[in-house]
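# Breakdown of the fold
Each chain, written out:
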Amino acid sequence: MTNIPETGRTPRVQIRLIVIQILVLSLLGTLGGRLWYLQIRNGDEYAKEASGNHVQQVVQPAVRGSILDARGVPIADNETRLVVSASRTDLMKMKDDGKAVLTKLAGVLGMTPQDVMGKVRLCDAKTPQPCWNGSPYQPIPITDEATTQQALQIRERSEDFPGITAEPEAVRRYAGPGKANTAQVLGYLSPVTDDEITKAKDTNSPYLRSDQVGRSGLERQYDKELRGKAGVTRYEVDNLGRVIGTGKSDAAQSGSNLVTSIDSRVQRVAEYELDTAMKAARQQYDKITGENYKADSGAVVVMEAKTGRIVAMSSAPTYDPNVWVGGISAKDYKNLTGKNSDYPLLNRAIQGQSAPGSTFKVVSTAAAVEAGYAWDGGYPCTSSYSVGGQVFKNFEGENFGPISLGRALEVSCDTVFYGLADREWKKDGGINPKKGEPKDYFFKAAHQFGLGKTTGIDLPNEVTGRVPDRQWKESYWKANKDAWCKSGKKNGTYVEKIAYENCLEGNKMREGDEINYSIGQGDTLVTPVQEAMIYGALANGGIMYQPTIGKAIVSSDGKTVQEIKPTVKGKLPVSKTALKGMDQALAGVVTRGTAAWKFGGWPQDKIALHAKTGTAEVYGKQTTSWFATYTKDYTVVMTIAQAGTGSGASGEAVRNIYNALYGVQSDGSIDDKKALLPTPEKSLPKIQSDGSIDAPPVSKDPVKDLQASQKDNSGSTDQNQPAGTTPSPNASNRNTRRRTSRTKKRRGTRILT
């Protein structure tokens, strides 16, 4: 007998077979269910998706909107050029990564192979310019200055130049009407990066790989409005890539045009006068340092006093923004960013910050009035002011006796402000303030004047400046204490002594700190646009307007106009009586004060001009010139680093800007026909039915026109003519100012006005 069944299979084998059969049936059931789900339940959906795999998209870049001045003159627009581009994707498929093709291309374009290859390499932390910082999947422009002959040669020999195209394209142009550069205000464009494409993917303004985006200035601030929306044409293709139909297409939408408050004529004058003033300063001898002034940077702002609109804004050194168009060369990039470049990409009107010197005294005057000091009180303007073992001297040791706050502003008497600030410091408890909040009138006034924070101007990367109050000193001390304590020495060098003092009590408001602060020295920092906002408020009765450049956004068809209205930022903390007194005092600066020598013959009875000079000390450098002015219509602020005194370095240039605005001739008469902008431009330029914007004829150079006009009216040279239009009799701009040597005790101690 045997236990094996007739089938020859043991029970164990039969069990295994049954399990296998069950598994096979389960798998077949699952597969069948999945096929039913894909082909029947969701068949239409997947069929639709599959058809999408055969749709190719062709992108038509949108035409970027123009940037116009207040009269409608283009200051940034587009022009058609022959652009030679390379497809990096195609080049990388070649055995030599396209080197042979690029070398041939260099010969045709008259470039070196190294320059051409540099254009197509990708930027990273270790790769210097030139390099491509855009998407590697979009065509990379090699040049936008190809000739017709070069373009034809590339296209006719396409087999020799695989991956290379030569096509007419719209490229950005910074027109420079009437030689007005406006570089830092306009900014520049560069290709969008993959990272930016990813970040903007789900926003209401996504990027395409072909997009150029604003990197600074108005181009960046209004990028979304200027960029428009690219068009997309969709083609249905078969597996071989042949077009078999056309899908849904989206037409390109041109970007909107930006009308600004900039007047290109005034802009040109402002740029010219700043440059001329800096060159003139470099010819002047600085007796303190024993060498000529360096005058290495500067800025000027012209602003409407009653609206905050910027009429002109210039920063020096400057550059040609067209160097970015079509990709920047290694040489140009080094000139813009190298250590010896003086960093022309910076807009020093909003990013340059320095001690304001005596232009800050309007803040200190308001603080004194708020603290209870009478406007007409007799405050001693002595030749010096002693604090412990240190003597703070007035400019040139002048002694005017007891004077009012207004007269102190007019003659820029340092010792009046020393005394007022010192008294308030002592009232607040000195170096160890009383319990509770000290009054700190002088510091609170600065914050109320809008300092220590951005103005909100419609330009990116504006800096805040600094109000060195108690809170700032505490945070700054905590951040630097270890370094000070390590380097400081009680009996060391000047710098080591300062570090030693800061280590011990750098978080406390010392007597000298508040004295220095009262005249705009020490750790106080302001920007030219902040000063323009303050002096504009003094001009209009106390209202601080947020500075703005954009005036209106106009759609490409002209049907939609979005005006950018002036915005009130706040009010000056000054009573009407004090404001009137300050107004009179600042007018006195022009007629009999520290700026009078530059404004002889000015028609003050017809165009009331107000001003405040400032000369700020910077440790280790020459003095910074500040000149802040206003009329009922405009405020003009100019500053030049390492250039000497306020009126000495900047006075003549500012006067010439006002001459241009109002048509003031060399003999003091006013010719309205020769005035560039006697009253601010209130209306927008005329917009035609097709969306085009009317623009008046543009002079080749408004500066030369004005110079010719002045020459026609001046006749022979007369030494009695206004000082602003005749050479100064002195070789140094310090000779008309006041300076007395003294021993420095700590950084920022101030003796210049």
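Quick caveat, the model's predicted, so the values are computed rather than measured.

Our focus in this paragraph is the overall build of the chain. For the chain, the count of helices and strands is 24 helices and 25 strands. Residue burial in the chain is summarised as follows: out of 753 residues, 50% are buried. For the chain, long-range pairs separated by at least 24 residues make up 70% of all intrachain contacts whose partners lie at least 6 apart in sequence. Accessible area of the chain: about 35700 Å², with a carbon and sulfur share of 51%.

One finds Met313, Val362, Val416, Leu538, Ile657 and Leu661 to be the most contacted residues of the largest nonpolar core, which totals 132 residues. The element that contributes the greatest number of residues to this core is helix H23 (residues 646–662), accounting for 8 residues. Discounting residues that sit within four places of it in the chain, Ile657 has contacts with Val269, Ala270, Glu273, Val300, Val302, Val636 and Met638. Ranked by size, the runner-up nonpolar core spans 20 residues in total, among them Ala86, Ala106, Leu109 and Ala151.

It is worth spelling out the environment of Ile431 at this point. Position of Ile431 among the secondary structure elements: in the loop between helix H16 (414–427) and helix H17 (441–448). If near-sequence neighbours (up to four positions away) are discounted, Ile431 is found in contact with Trp425, Glu505, Lys508, Met509 and Arg510.

One pass over the structure, following the stated rule, counts 29 salt bridges. Two residues, Glu219 and Arg64, come together in a salt bridge whose shortest N-O distance is 3.0 Å. Residue Glu219 is found in helix H9 (residues 217–221), and its partner Arg64 is found in the loop between strand E1 (55–60) and strand E2 (67–68); the two are separated by 155 residues along the sequence. Grouping residues by exposure puts Glu219 and Arg64 together as buried. Residues Asp440 and Arg470 are paired through a salt bridge, measuring 2.9 Å at the closest nitrogen-oxygen approach. Of this pair, Asp440 sits in the loop between H16 and H17 while Arg470 sits in helix H18 (residues 470–487), placing them 30 residues apart in sequence. Relative accessible area serves as the criterion here: at 9%, Asp440 is assigned to the buried category. What makes Arg470 buried here is its relative accessible area of 14%. When salt bridges with common partners are traced through the structure, they connect Arg64, Arg172, Glu219, Asp223 and Arg227 into a single cluster.

Before going further, it helps to spend a moment on the sheet that holds strand E13 (residues 297–304). Read across the open sheet, the 5 strands follow the order E14-E13-E25-E24-E23; overall the sheet is antiparallel. Two strands in the sheet have a free side with no partner beyond their single neighbour: strand E14 (310–316) and strand E23 (610–616). If you compare each strand with its neighbour and ignore which way they point, the axes differ by 5 degrees on average. Sheet topology note: the E13/strand E25 (residues 634–641) ladder contains 8 bridges and is antiparallel. By the bridge assignment, Val300 is partnered in E25 with Met638. Contacts between helix H21 (residues 528–540) and the sheet are confined to E13, E14, E23, strand E24 (624–630) and E25, with E24 contributing the most and set at about 30 degrees to the helix.

So, on to the packing of helix H11 (residues 264–281) against H23. Following both chains from N to C, one finds H11 and H23 inclined at 160 degrees, their axes separated by 9 Å at the closest point. With respect to each other, H11 and H23 are oriented roughly antiparallel. Between H11 and H23 lies a crossing of right-handed hand. Contacts between H11 and H23 involve Val266, Val269, Ala270, Glu273 and Ala277 on the former and, on the latter, Ala649, Ala653, Asn656, Ile657, Ala660 and Leu661.

Let us now look at the pairing of E13. Within E13, 8 of the 8 residues are buried, leaving the element largely enclosed by the surrounding structure. The alternating pattern of E13 places Ser297, Ala299, Val301 and Met303 on one face and Gly298, Val300, Val302 and Glu304 on the opposite face, and all of these are buried. Both E13 and E14 contribute to a ladder of 6 bridges, which runs antiparallel. For Gly298, the partnering residue across the bridge sits in E14 and is Ala316. The turn joining E13 and E14, which pair antiparallel and follow one another in sequence, is formed by 5 residues; a positive phi near 85 degrees is taken by Gly308.

A few words now on a nonpolar patch on the surface. Residues Val13, Leu17, Ile20, Val24, Leu25 and Leu28 make up a contiguous nonpolar surface patch of about 520 Å² in total accessible area. In this fold, Val24 is placed in helix H1 (residues 11–41). For Val24, a relative accessible area of 41% gives the class partly exposed.

It is worth spelling out helix H6 (residues 148–156) at this point. Every buried residue belonging to H6 is among Gln150, Ala151 and Ile154, and all of these are buried. Along the axis of H6, the buried positions cluster into a sector of 100 degrees, meaning they face one direction only. Away from the buried face of H6 by more than 90 degrees, exposed residues Thr148, Gln149 and Glu156 are located. Elements in contact with the buried residues of H6: strand E3 (74–86), helix H4 (99–109) and strand E5 (164–173).

On to the confidence of the model for the chain, then. Should pLDDT be low for a region, the predicted coordinates there are not to be read in detail. Within the chain, residue pLDDT values average 88, and 90% of them lie at 70 or more. Counted against residues more than four places away or in other chains, residues 716–732, with its pLDDT under 50, gives 30 contacts. pLDDT under 50 marks residues 734–753. Its contacts with residues more than four places away, or in other chains, come to 101 contacts.

So, on to the state of the cysteines. Evaluated as defined, the whole model comprises 3 disulfides. Paired through a disulfide, Cys381 and Cys413 show a sulfur-sulfur distance of 2.0 Å. Between Cys381 and Cys413, the disulfide has an S-S torsion of 110 degrees and is therefore right-handed. One end of the pair, Cys381, is in strand E15 (residues 379–381); the other, Cys413, is in the loop between helix H15 (405–411) and H16, with 32 residues separating them in the sequence.

As a further point, take unusual backbone geometry. Most peptide bonds adopt trans geometry, and most residues besides glycine take a negative phi value. Following Ala316, the chain continues into Pro317 via a peptide bond in cis, with omega recorded as 5 degrees. Tracing the sequence through the fold places Pro317 in the loop between E14 and helix H12 (330–337). Positive phi outside glycine occurs at Tyr343, with the angle close to 55 degrees. Its place among the elements puts Tyr343 in the loop between H12 and helix H13 (348–351). Residue classification places Tyr343 among the partly exposed residues on the basis of a relative accessible area of 40%.

With the rule as written, the count across this model stands at 15 aromatic pairs. Considering the side-chain rings of Phe360 and Tyr517, the 5.1 Å spacing of their centres and the 70 degrees angle between planes classify their relative orientation as edge-to-face. Here the residue Phe360 occupies a position in the loop between H13 and helix H14 (361–370), and Tyr517 occupies one in helix H20 (residues 511–518), the gap between them amounting to 157 residues. As far as the burial class goes, Phe360 and Tyr517 line up, both buried. Ring geometry for Tyr373 and Tyr379: centres 6.3 Å apart, planes at 70 degrees, overall edge-to-face.

When two helices pack together, their arrangement is given by the angle between their axes and by how far apart the axes lie. Contact geometry for H14 and H17: axes closest at 8 Å, N-to-C directions at 120 degrees. On the basis of the axis angle, H14 is oblique to H17. Of the two possible hands of crossing, H14 and H17 adopt the one that is right-handed. Contacts from Val363, Ser364, Ala367 and Glu370 in H14 reach Tyr441, Phe442, Ala445 and Ala446 in H17. Residues of the contact of H14 with H17, tallied by class, amount to 6 nonpolar, 1 polar and 1 charged.

What counts and what doesn't
Residues numbered from 1 in each chain as written. Predicted model: local features only at pLDDT ≥ 70, side-chain atom pairs only at ≥ 80, totals over all residues. Heavy atoms only, no water. Helix = DSSP H or I, 4+ residues; strand = E, 2+ residues; numbered from the N terminus. Buried < 20%, exposed > 50% of the residue type's maximum accessible area, 1.4 Å probe, protein only. Contact = heavy atoms within 4.5 Å. Areas by Shrake-Rupley, 256 points an atom, 1.4 Å probe, with all protein chains shown as cover. Core = buried A, V, L, I, M, F, W, Y, C linked by side-chain atoms within 4.5 Å. Salt bridge = Lys/Arg side-chain N within 4 Å of Asp/Glu carboxyl O. Pairing = 2+ DSSP bridges. Axes fitted to C-alpha atoms, helices over the stretch in contact; angles between N-to-C directions. Parallel < 35°, antiparallel > 145°, perpendicular 65-115°, else oblique. Left-handed = near helix turned anticlockwise from the far one by under 90°. Patch = residues over 30% accessible without salt bridge, like charges linked within 9 Å, V, L, I, M, F, W, Y side chains within 5 Å. Arc of directions from axis to C-beta. pLDDT = per-residue confidence, 0-100. Disulfide = S-S within 2.5 Å. Phe/Tyr/Trp six-rings, centres within 6.5 Å; stacked < 30°, edge-to-face > 60°. Nonpolar A, V, L, I, M, F, W, Y, C, P; charged D, E, K, R; others polar.

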